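Reading the structure
Each chain is listed here by its residues.
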Amino acid sequence: MKKIKLVGLGLVASLSLAAPAVLAGVSGFDYTPAIVQAQEEGTVLKVAYLAAHGDRSFTSVAVLVKGDVIVDAYLDEYQYGEGYEGVPNSDAAFGEGYPEGQVLASKKVNSDAYSASMAEKAGSTVAYDENLAAIEESVKGKTFEEVEALIAELDALGEDGNVSDVVSGATLADAGGYVGAILEAAKTGIEFPTAATEASELEIKQVLAAPHGDKSFALVNVVMDGDVIVAASLDEFQFVEGDQWTGVPNSAAAFGENYPEGTTLVSKLVDSEGYSAMMTDIAGSTVSYVDNLQAVVASAVGKTTDEVAATIEELNGLGEDGNVSDVVSGATLADAGGYLQAILDAAK
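A brief report on the enclosed structure follows. As the structure is a prediction and not an experimental result, all values here were calculated from the model.

Right, let's get into the pattern of salt bridges. With the rule as written, the count across this model stands at five salt bridges. Between lysine 140 and glutamate 137 there is a salt bridge, with its nearest N and O atoms 3.7 Å apart.

Structural data, given as structure tokens:
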């Protein structure tokens, strides 16, 4: 069973019996950053944010794709709930605007708590993380066309059908929504640098972290071949003021009703253009956020964990007057070392 690690804080989850899934959200960009290293028909890591299960949460999807075949996938959901420990920085500035008694939490990290709630309220007999693991397993090695057929089979079950007859080990009524989210991410997700590898077994690992201050949290994915980082992705989520943002899925629905007044929870990658403009105004930034993160990730991909640790040490030795781009080509983020440390923590 896949596990997600937490850097800095533990998490628990909340339960909401949401309406049937309507797949919606944001995934791909309309450009291809120049530093993306994956070759045509090579293995590529993609991420997307969608609404696979109702309107009270949003779904994060990471998928490893080779051509039109899904190599591996990783799902999680984020939802508000009462009495739970939240995502990193929930006890700091990021969480200051939470509704009283509620926090934003990852369901998968806290499968035990979430599963107990599902068992109590809906009679669920299969743990949440085991359900998602079964769904992830069901798409591995399948082509896009085969996944589309799987979704059609799930959709055809109707209210009285048994999900486990189609996806062994799964009981979630919205299984088709989760499979659809994986397929959408595989087709249109945000693409990250990938190194060539001859490994036959590749698996996505994920951590949550706080690499950059206390006003956001980060989601990090890595794919390893021994001690070599084959692929990695990194994104941050932050509340920002104004109504010009795309926001994470369901920001305009029940999930977004929990936001601090006048703010939106954004993926900095998806809203890179607006976030980069804000950083230019505030700090004179000359490199976009997405290009900065792609450069940081590219500096780790194809390297061993020891080599990444050495890069972090070099960055930490720069001091306030040092130039980050002298160590990480194309990057200007002062916290580049923190982002690389989050990737390294995920790798280990």
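Back to the text.
In this structure the tally under the stated criterion is 16 aromatic pairs. Aromatic pair phenylalanine 94 and phenylalanine 217: ring centres 5.5 Å apart, planes at 80 degrees, arrangement edge-to-face. Of this pair, phenylalanine 94 sits in the loop between β5 (69-82) and β6 (102-106) while phenylalanine 217 sits in strand β9 (residues 216-225), placing them 123 residues apart in sequence. Across the pair, exposure class does not vary: phenylalanine 94 and phenylalanine 217 are buried alike. Both rings, one in phenylalanine 255 and one in tyrosine 259, keep their centres 5.7 Å apart while their planes meet at 90 degrees; by these two values the pair is edge-to-face. Judged by its relative accessible area of 0%, phenylalanine 255 is buried. Overall, tyrosine 259 belongs to the buried group, its relative accessible area being 10%. Through a chain of ring-to-ring contacts, three or more aromatic side chains come together here, namely Tyr49, Phe58, Tyr78, Tyr80, Phe94, Tyr98, Phe217, Phe237, Phe239, Phe255 and Tyr259.

This next bit is on the environment of leucine 344. Inspection of the secondary structure puts leucine 344 in helix α8 (residues 336-347). According to the relative accessible area criterion, leucine 344 is buried, its value standing at 4%. Separated by 38 residues in the primary sequence, leucine 344 and aspartate 306 place their C-alpha atoms 9.1 Å from one another. Apart from the residues within four sequence positions on either side, leucine 344 is in contact with Thr305, Val308, Ala309 and Ile312.

The subject of this paragraph is the packing of helix α7 (residues 305-316) against α8. Their axes nearest at 9 Å, the elements α7 and α8 cross at an angle of 160 degrees. For the element pair α7 / α8, the angle class is roughly antiparallel. Between α7 and α8 lies a crossing whose hand is left-handed. Note on element contacts: α8 touches α7 through Ala336, Gly337, Leu340, Gln341, Leu344 and Ala347, opposite Thr305, Val308, Ala309, Thr311, Ile312 and Leu315. Residue classes in the contact of α7 with α8 are distributed as eight nonpolar, four polar and no charged.

Within strand β11 (residues 263-267), five of the five residues are buried, which leaves the element mostly enclosed by the surrounding structure. Where burial is concerned, the two faces of β11 agree: the one with Thr263, Leu265 and Ser267 and the one with Thr264 and Val266 are both buried. One ladder, built from five bridges, connects strand β10 (residues 228-241) with β11; its direction is antiparallel. Residue pairing across strands places glutamate 241 opposite threonine 263, the latter belonging to β11.

What follows covers a negative patch on the surface. On the surface, a cluster of negative charge is contributed by Glu198, Asp225, Asp227, Asp306 and Glu307. Within the secondary structure, aspartate 306 is located in helix α7. Aspartate 306 sits in the exposed class, given a relative accessible area of 59%.

The next thing to look at is α7. Spanning 12 residues, α7 covers 16 Å between terminal C-alpha atoms, matching the ideal 16 Å at 1.5 Å per step. Buried within α7 are the following residues: Thr305, Val308, Thr311, Ile312 and Leu315. Seen along its axis, α7 keeps its buried residues to an arc of 115 degrees; they face one direction. Across α7 from its buried face, at more than 90 degrees, point the exposed residues Asp306 and Glu313.

A few words now on the nonpolar core. Formed by 69 residues in total, the largest nonpolar core has its most connected members in Leu104, Leu265, Leu340 and Ile343. Setting aside its immediate chain neighbours within four residues, leucine 104 contacts Tyr78, Gln79, Tyr80, Gly86, Val87, Ser90, Phe94, Tyr98, Phe217, Phe255 and Leu265. Of all hydrophobic cores here, the second largest spans 34 residues; its members include Val63, Ile70, Tyr178 and Ala181.

Across the interface, helix α2 (residues 128-139) lies against helix α4 (residues 175-188) with an axial gap of 10 Å and an inter-helix angle of 50 degrees. Of the possible angle classes, the one that applies to α2 and α4 is oblique. As for how α2 packs across α4, the hand of that crossing is right-handed. Taking contact as the criterion, the partners of Leu132, Ile135, Glu136, Ser138 and Val139 in α2 are, on α4, Ala175, Tyr178, Val179 and Ile182. Along the lines of polarity and charge, the residues of the contact of α2 with α4 split into seven nonpolar, one polar and one charged.

So, on to the side chain of aspartate 271. Turning to its location among the elements, aspartate 271 is positioned in the loop between β11 and α5 (272-283). No salt bridge is formed by the buried aspartate 271, whose closest oppositely charged neighbour, lysine 268, lies at an N-O distance of 12 Å. Side-chain polar atoms of aspartate 271 contact the backbone nitrogen of threonine 246, separated by 3.0 Å.

What counts and how
Residues numbered from 1 in each chain as written. Predicted model: local features only at pLDDT ≥ 70, side-chain atom pairs only at ≥ 80, totals over all residues. Heavy atoms only, no water. Salt bridge = Lys/Arg side-chain N within 4 Å of Asp/Glu carboxyl O. Phe/Tyr/Trp six-rings, centres within 6.5 Å; stacked < 30°, edge-to-face > 60°. Helix = DSSP H or I, 4+ residues; strand = E, 2+ residues; numbered from the N terminus. Buried < 20%, exposed > 50% of the residue type's maximum accessible area, 1.4 Å probe, protein only. Contact = heavy atoms within 4.5 Å. Axes fitted to C-alpha atoms, helices over the stretch in contact; angles between N-to-C directions. Parallel < 35°, antiparallel > 145°, perpendicular 65-115°, else oblique. Left-handed = near helix turned anticlockwise from the far one by under 90°. Nonpolar A, V, L, I, M, F, W, Y, C, P; charged D, E, K, R; others polar. Pairing = 2+ DSSP bridges. Patch = residues over 30% accessible without salt bridge, like charges linked within 9 Å, V, L, I, M, F, W, Y side chains within 5 Å. Areas by Shrake-Rupley, 256 points an atom, 1.4 Å probe, with all protein chains shown as cover. Lys, Arg positive; Asp, Glu negative; His and termini not counted. Charge placed at Lys NZ, Arg CZ, Asp CG, Glu CD. Expected span 1.5 Å × (residues − 1). Arc of directions from axis to C-beta. Core = buried A, V, L, I, M, F, W, Y, C linked by side-chain atoms within 4.5 Å. Polar contact = N/O pair within 3.5 Å; in protein donor to acceptor, adjacent residues only side chain to side chain.

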